[in-house]
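Analysis of the macromolecular model
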Amino acid sequence: MLPHTQKPTELAEELNSDLKTGVNLDALPFLTEKYGKNKLKETKKKSYLRKFFEQFKDVMIIILLIAAAVSFVLAVLNNEGLKEFFEPALIVLIVILNAVMGVSQENKAEKALDALKSMSAPHAKVIRGGKDAVIDAEELVPGDLILLEAGDMIPADARLISSSSLKSEESALTGESVAAEKAFDALPDGGAPLGDRSNMVFSGCSITYGTAKAIVTSTGMNTEMGKIANLLNDQTDSGTPLQKKLAQMGKYLGFVALGACAIIFLIGLLFHIDPRQLFMTAVSLAVSAIPEGLPAVVTIVLAIGVQRMVKRNAIIRRLPAVETLGSASVICSDKTGTLTQNRMTLKKAYLDGSADADDISPNNDDNIRKLLTYAVLCCNGSVVNDNGKEIHIGDPTETSIVAAALLNGIDKASLSSSYPRIAELPFDSDRKLMTSVNETGGKRIAVVKGAFDMLVPRCVKGDLKKAAAINEALSKQALRIIGVAYKELNESGDLNIEELERGLTFMGLVGMIDPPRPEAKAAVDECRSAGITPVMITGDHVITASAIAKELGILKDGGEAVTGEELSRMSDDELRARIRNIAVYARVSPSDKIRIVKAWQDEGEIVSMTGDGVNDAPALKAADIGCAMGITGTDVAKGAADITLTDDNFATIIQAVKEGRGIYDNIKKVIGYLLGTNIGEILTVFFAMLIFKMPPLLSMQLLWINLVTDSLPAIALGMEQIDPDVMLRKPKPAKEGIFAHGYGTKILLQGTMFGALTLLGYWLGSYVTGSHEGAQTTAFIILALTQIIHSFNMRSDRSLFKMNPFSNKKLNLAALAGFALMLFVIFTPFVSDAFGLVLLPVKLYLIALAIAAFPIVVVEIVKLVERKAKKKADSVQVKQR
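Predicted, not measured: the structure shown is a model, and the values here were computed from it. Within each chain, residue numbers correspond to sequence positions counted from 1 in written order. Since the coordinates come from a predicted model, pLDDT governs what is reported: local features require at least 70, and pairs of side-chain atoms require 80 or more to be given and counted, while whole-chain, interface and lining totals use all residues. Derived side-chain values reflect all non-hydrogen atoms in the structure, with water molecules and hydrogen atoms excluded from consideration.

A word on the packing of helix α27 (residues 650–691) against helix α30 (residues 743–769). Axis lines are fitted through C-alpha atoms, for helices just across the contact stretch, and the angle between N-to-C directions can take any value from 0 to 180 degrees. Secondary structure elements follow DSSP: runs of H or I of four or more residues count as helices, runs of E of two or more count as strands, with numbering from the N terminus. Direction vectors running N to C along α27 and α30 enclose 45°, while the axes themselves pass 7 Å from each other. Judged by the angle between their axes, α27 and α30 are oblique. The way α27 lies across α30 gives a crossing that is right-handed. Facing K668, K669, G672, L675, G676, T677, I679, G680, L683, T684, F687 and A688 of α27, the residues of α30 in contact are Y743, I747, L748, G751, T752, F754, G755, T758 and L759. Class assignment of the residues belonging to the contact of α27 with α30 gives a composition of 10 nonpolar, 9 polar and 2 charged. Every angle not falling under 35 degrees, over 145, or within 65 to 115 is termed oblique; those three ranges are roughly parallel, roughly antiparallel and roughly perpendicular. Should the near helix be turned counterclockwise from the far one by less than a right angle, the crossing is left-handed, whereas a clockwise turn marks it as right-handed. In this description, contact between two residues means that some pair of their heavy atoms is separated by no more than 4.5 Å. When residues are sorted by character, Ala, Val, Leu, Ile, Met, Phe, Trp, Tyr, Cys and Pro go into the nonpolar class, Asp, Glu, Lys and Arg into the charged class, and all the rest, Gly among them, into the polar class.

Attention shifts here to the pattern of salt bridges. A side chain of one charge can pair with a side chain of the opposite charge when the charged atoms of the two come close. Within this document, salt bridges are pairs made up of a side-chain nitrogen of Lys or Arg and a carboxyl oxygen of Asp or Glu, the two lying within 4 Å of each other. Inspection of every chain in the model, using the stated rule, returns 34 salt bridges. With a shortest N-O distance of 2.9 Å, D540 and K335 are connected by a salt bridge. Linking D540 in the loop between β20 (533–537) and α21 (542–552) with K335 in helix α13 (residues 335–339), this pair joins segments that are 205 residues apart in sequence. Here the term buried applies to any residue with accessible area under 20% of the maximum for its type, exposed to any over 50%, and partly exposed to those in between, with areas from a 1.4 Å probe on protein chains only. On the basis of relative accessible area, D540 is assigned to the buried category, the value being 7%. Looking at K335, the relative accessible area reads 1%, which means it is buried. Of the charged contacts, one joins K449 and E398 as a salt bridge, the two residues approaching to 2.9 Å between their closest N and O atoms. Of this pair, K449 sits in strand β16 (residues 443–450) while E398 sits in helix α15 (residues 396–407); the two residues are 51 residues apart in sequence, bridging distant segments of the chain. For the residue pair K449 and E398, the accessibility class agrees, reading buried in each case.

Turning next to the confidence of the model for the protein chain. When pLDDT is low, close inspection of the predicted coordinates is not appropriate. pLDDT is defined as a per-residue confidence score from the predictor, taking values between 0 and 100. Here the protein chain shows a mean pLDDT of 84. Residues at 70 or above account for 87%. For the protein chain, the element scoring lowest by mean pLDDT is helix α6 (residues 108–118), at 45; strand β19 (residues 504–513) scores highest, at 96.

Attention shifts here to the nonpolar core. The set of buried Ala, Val, Leu, Ile, Met, Phe, Trp, Tyr and Cys residues whose side-chain atoms join them within 4.5 Å is what this entry labels a nonpolar core. The biggest cluster of nonpolar side chains holds 83 residues, and the ones touching the most others in it are F506, M536, I554 and I643. Per-element accounting of this core gives the leading share, 14 residues, to α27. Apart from the residues lying within four places of it in its own chain, the contact partners of I643 are A314, I315, I316, A321, L325, I625, G626, C627 and A628. Residues V708, L764, M822 and A852 belong to the second largest nonpolar core, which totals 34 residues.

Before going further, it helps to examine the packing of aromatic side chains. When two rings of Phe, Tyr or Trp (its six-membered ring) have centres within 6.5 Å they constitute a pair, described as stacked for plane angles under 30 degrees, edge-to-face for angles over 60, and tilted for the intermediate range. This model, assessed by the stated rule, comprises 7 aromatic pairs. With a centroid separation of 6.0 Å and 75° between ring planes, the pair formed by F452 and F506 is classed as edge-to-face. Taken together, the residues F452 in helix α17 (residues 452–455) and F506 in strand β19 connect sequence positions 54 residues apart. The buried category is assigned to F452, whose relative accessible area is 9%.

So, in structure tokens, the structure goes:
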């Protein structure tokens, strides 16, 4: 059923209704059972308990739980007091904290659907059984007759039966900033987009002008709003690139730990090592392989970035969204309210007899001021100043005229007292005109404004041929054109339409548009310099969208602008083939927006979608990163998005991208730093068992290094200043891993160095003290201090000695805190006993400190070699040019 293509009589027959009396009251129970309640269905929500247990599916978490279980069993078997249970308890605590953090991130789609429900009308005025009634909107069924007037929320999708000067505000659904004119006798094509279905009204929208009677065609999930709810339900939150890479890395580390355990057990069986010793080593290997502090540190670094972004007017709903935005390579932006101001503004005025149209400014000449004066007399909209803020009340077309007049010092309230209105012929969709009769200087004048083509046949004076050329030229600039004409009336003249709206003198034209935001063009330019492709997706007309896109630099020469109808005729393969050349999509539906987003994603791009309307919500959720507008944005859009821009400023997105790139760089440093430690730990434990047949470190000592001495410098590394040239780089490819460009090899080599130094310390400790505990203590000190000192190497690719040592004060404080905590653990009697540490000779402490500082020398040599190699490669490129 396509109700917009059918006549009301056909629909009424199909829906077993009557255009005068409505549905039969006796049939209501059957109809309610058939169609259900007029409300959006709720998806079954996960319980908090289920969400909590789902956090334990991760490979790293499973390995840690197995390690905790083994440790607990060993503690029971050893039966040496509560001290033995400290280790498994600590591991379990870490796992539980991780799960709690995960649960707190899972409510986005539920909030979006709740906001959609709040947009539904609570009551509806209906005709049932021939009688008027007010019922709960939930009780509506297809076939019901509803009565609508200005101010009403539309309770269901409906086909107009009759209407008078009806306008509906549909920007949340279609993206158009101007209220849509409706006509009950229109019959659009079957493929007409929502914005062109002028004989329909839609659930969740509102009536801004006129009255109507309509027959309900769809309720609940079958409405256009319901289809959006379905799209929201269908979209799943795919993990961000960083989340996916960390999850993959965790699996690899887990398999490495399991493989190492298998080898250790095999060696243990060959050398007849005590099984308990083997199990303790297995626990140590598991703990060493899992970077326990990494999720928490990454979360903290992201949270710090979020705080910085709040100061830049961007509120982050999900922490990993910061990193994704920094990787964005395509920004698909809605036009209305995002790239434009969502406010019609008068830009041009043409006075009959002039050579060309004039720009609207605060100092237009007297002739243009007279044209604006007459146009304002025929307006019902108003503009008021509220504490310095301009508030537009009424039809956007009219308020743009009133605002332009006010800019020229012409106040509507003053005009109303100087030229009192004595009669009015309201606008209607048939005439497309409005007429006002005013008194001025003892005379009466009729001012008529409206569509130029409807005004021309009624004019007897004026250069209409020249006006037609100006009208066409302004229309090509995507301006909405309103003609203005007038006539002087006789005192005894009848105030009827035929008399008032004929024999007119053409006065001029005014052209208006929803203009681009002042800062949007610069933001688009910065997008391009950062290697990001901007794309406009809108429900507006293609001419208007193309004009705005050209002005902003989104639509370049050779670029395409396509309509939703053209898009529907493209196969997915054809869309993917043309996607990089299409810069503007106009008159698109919510499902079209998702299709566009997914086509870019299929091309390997990381897509950001911005928008403010209900129609944007499914695409906001489907995109890798969704950005909603905070001021004009609907609750539905905000609920579906990852980021809300509190100033509705497109330029804020660019600042967010900059922050995202900087944060990703810092997270990459943190990951490299922490993984170097873990690789060092794995190699230390593994080769110690091969060489010494003893575990070199207790799992509790490894946990201390991973969670305390490593984590503080890692957090501080995440606060490094953003590279000033970060927006001159191209976006990181979607498939590029964290370890690309040799970064993984570098981490592996650094981990190997840490393992070798720690094994050297273990051997020295055993040689000097003659005890296993002394060897473990020396290995523990060297590995922990090596990490603290190495954090300074990770700050930059530049030499440590060419950097300002105080530019990251937090890293200096973190290093001091790490040293202090190590002293506390080593020299506090009860604490050192709990960690299995013993006192060492002074010379051994000094040797351990010297070994720990060795990585600075190695890394500085590597950096020097890399700088020389880069300089040589750059000089070769210059010569080739």
